[in-house]
Amino acid sequence: MKEIEVVLSMPLFHHRVIRKNSIAVIIDVLRATTSMVAALDYGIRSIIPVSSIAEAEVMKHEGYLLAAEENGLKLKIADFSNSADQFLRDDLIDKEIVYCTGNSTKAFRLTREETDKVVLGAFPNLSALTKYLKDQDKNIIIVCPGNNNMPALEDQLCAGALAKNLLDTGVFTTACDSVLASIDIWDGAKSDLLQYIKKLNHFKNNLHSISEETLNYTFTLDSTTIIPTLHFNHITGFPYKK
C-alpha cells in the first residue's frame, strides 16, 4: 500500500522516512497556500513564489504584479497583501503574479528537489486534493512549513484532515506518529473549526491582517476543486473532479 507521512516543520523534512516515489503536499493555512488556492481558483494564470523582500522588489521592477507584506502590512511597492480576498477580482483573471512568502517558498524549493511532484493543499480544496492523491501511484508527504521553524497548529489541523481522508480511501497506510497526532487534533477541532482556531497563537498574531471574508474562506472546506501544482519556478492550477 501507499504510505503517508506528515512533516510538521521544515527542519524535520530532512529526517522524513519516505524517500522515493512521492508527492509532497505543502500546507500553509495562514496564509500562503490558502491564498494561492483562492487566486488560481478565481482565474489567476500563474504564481511565482519568492522568499524575500529583495527578490520581490526585483520582480516588481521587472513589471510583475506583486503580493508582499512585512510584519503583516502590505509593502508600499506591492499591489496586494498576502490574503486570499486580495485575489478575488475580475481584473486579475489570466494574469501572472509574484507572491512573497518566506516559509512556503523555502518549502517549495526544497521539496521540488527531493520529491517527484509538489502540490498545494488547504481547507478549500481538501476533497479534490484527496481524490487527486488517491488516483496517483505515489506515497504522500504532507509538509507543514510551520512558523519560525516551529510547528503551526492550523497547518497540522489541515494535515490531519487530509491524512484522515486519505486513510479512509483504503489505499494508504501509515507508520508515522505525526499522522496519528494530526488526525487526533483534527477530530477534536472539526466540529467547530472557527472557534478552535481562535485560540491559536499564529492566528492571534495575524488577526490584524485577516479580514472576515478571508477567515471564512480559509476555514470553509471544499469550496473549490483546484489543484495548485509547482513547476520549476511557478505555480499553476487545474480542477480535479474525477
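What comes next concerns the included structure. (Residues numbered from 1 in each chain as written. Predicted model: local features only at pLDDT ≥ 70, side-chain atom pairs only at ≥ 80, totals over all residues. Heavy atoms only, no water.)

1. Observations concerning the nonpolar core
Right, on to step 1. Core analysis: the largest hydrophobic core is formed by 41 residues, its most contacted members being Phe-123, Leu-133, Ile-142 and Leu-162.
Right, on to step 2. Elements with a minimum of two residues in this core: strand 1 (2-7), strand 2 (22-27), helix 4 (126-134), strand 9 (139-143), helix 5 (153-168), helix 6 (177-189) and helix 7 (193-197).
Right, on to step 3. Examining the composition of this core, we find that seven residues originate from one element, helix 5, more than from any other.
Right, on to step 4. Apart from the residues within four sequence positions on either side, Phe-123 is in contact with Val-29, Glu-154, Leu-157, Cys-158, Ala-161, Trp-186, Leu-193, Thr-218, Phe-219, Thr-220, Leu-221 and Asp-222.
Right, on to step 5. Formed by 32 residues, the second largest nonpolar core is a distinct cluster that contains Ala-107, Leu-120, Ile-226 and Ile-235. (Core = buried A, V, L, I, M, F, W, Y, C linked by side-chain atoms within 4.5 Å. Buried < 20%, exposed > 50% of the residue type's maximum accessible area, 1.4 Å probe, protein only. Helix = DSSP H or I, 4+ residues; strand = E, 2+ residues; numbered from the N terminus. Contact = heavy atoms within 4.5 Å.)

2. Some remarks on the packing of helix 5 against helix 6
Right, on to step 1. At their nearest, the axes of helix 5 and helix 6 sit 7 Å apart, and the two run at 100° to each other. Here helix 6 runs roughly perpendicular to helix 5, going by the angle between their axes. Where helix 5 abuts helix 6, its residues Leu-153, Gln-156, Leu-157, Ala-159, Gly-160, Ala-161, Ala-163, Lys-164 and Leu-167 lie against Ser-178, Val-179, Ala-181, Ser-182, Ile-183, Ile-185, Trp-186, Asp-187 and Ala-189.
Right, on to step 2. A breakdown of the residues in the contact of helix 5 with helix 6 according to their chemical character gives twelve nonpolar, four polar and two charged. (Axes fitted to C-alpha atoms, helices over the stretch in contact; angles between N-to-C directions. Parallel < 35°, antiparallel > 145°, perpendicular 65-115°, else oblique. Nonpolar A, V, L, I, M, F, W, Y, C, P; charged D, E, K, R; others polar.)

3. Some remarks on the side chain of Thr-101
Right, on to step 1. Among the secondary structure elements, Thr-101 is positioned in the loop between strand 7 (96-100) and helix 3 (102-114).
Right, on to step 2. We classify Thr-101 as buried; its relative accessible area is 9%.
Right, on to step 3. Residue contacts for Thr-101: discarding those within four places in its chain leaves Asp-28, Ala-32, Met-36, Val-50 and Ser-51.

4. Overview of the packing of helix 4 against helix 5
Right, on to step 1. Between helix 4 and helix 5, the shortest axis-to-axis distance is 10 Å and the interhelical angle comes to 45°. When the axes of helix 4 and helix 5 are compared, the pair comes out oblique. Pair helix 4 / helix 5 crosses with right-handed handedness. Only Cys-158, Ala-161, Leu-162, Asn-165 and Leu-166 of helix 5 make contact with helix 4, whose side of the interface consists of Leu-126, Leu-129, Thr-130, Leu-133 and Lys-134.
Right, on to step 2. Its residues assigned to classes, the contact of helix 4 with helix 5 shows seven nonpolar, two polar and one charged. (Left-handed = near helix turned anticlockwise from the far one by under 90°.)

5. Focus on the pairing of strand 1
Right, on to step 1. Counting buried positions along strand 1 gives five out of six residues, so the element sits mostly inside the fold.
Right, on to step 2. In the sheet, strand 1 pairs with strand 10 (residues 172-173) via two bridges, with the strands oriented parallel. Bridged to Lys-2 within strand 10 is Phe-172. (Pairing = 2+ DSSP bridges.)

6. What about the environment of Val-7?
Right, on to step 1. Within the element layout of this structure, Val-7 appears in strand 1.
Right, on to step 2. Separated by 139 residues in sequence, Val-7 and Gly-146 have C-alpha atoms that sit 9.5 Å apart.
Right, on to step 3. If we ignore the near neighbours within four places in the chain, the residues touching Val-7 are Leu-12, Phe-13, Arg-16, Ile-141, Ile-142, Val-143 and Cys-144.

7. A short note on the packing of aromatic side chains
Right, on to step 1. Scanning the entire structure with this criterion turns up six aromatic pairs.
Right, on to step 2. Taking 6.2 Å as the distance between ring centres and 45° as the angle between the ring planes, the aromatic pair formed by Phe-87 and Tyr-99 counts as tilted. Pair noted here: Phe-87 is in the loop between strand 6 (73-74) and strand 7 and Tyr-99 is in strand 7, with a separation of twelve residues, a long-range link.
Right, on to step 3. Ring plane angle 85° and centroid distance 5.3 Å describe the contact between Tyr-132 and Tyr-240, whose orientation is recorded as edge-to-face. Of this pair, Tyr-132 sits in helix 4 while Tyr-240 is found in the segment after strand 12 (235-239), placing the two residues 108 residues apart along the sequence. Like Tyr-240, Tyr-132 is buried.
Right, on to step 4. One residue, Arg-16, lies across the ring of Phe-13, its end atom 4.1 Å from the ring centre. (Phe/Tyr/Trp six-rings, centres within 6.5 Å; stacked < 30°, edge-to-face > 60°. Lys NZ or Arg CZ within 6 Å of the ring centre and 35° of its normal.)

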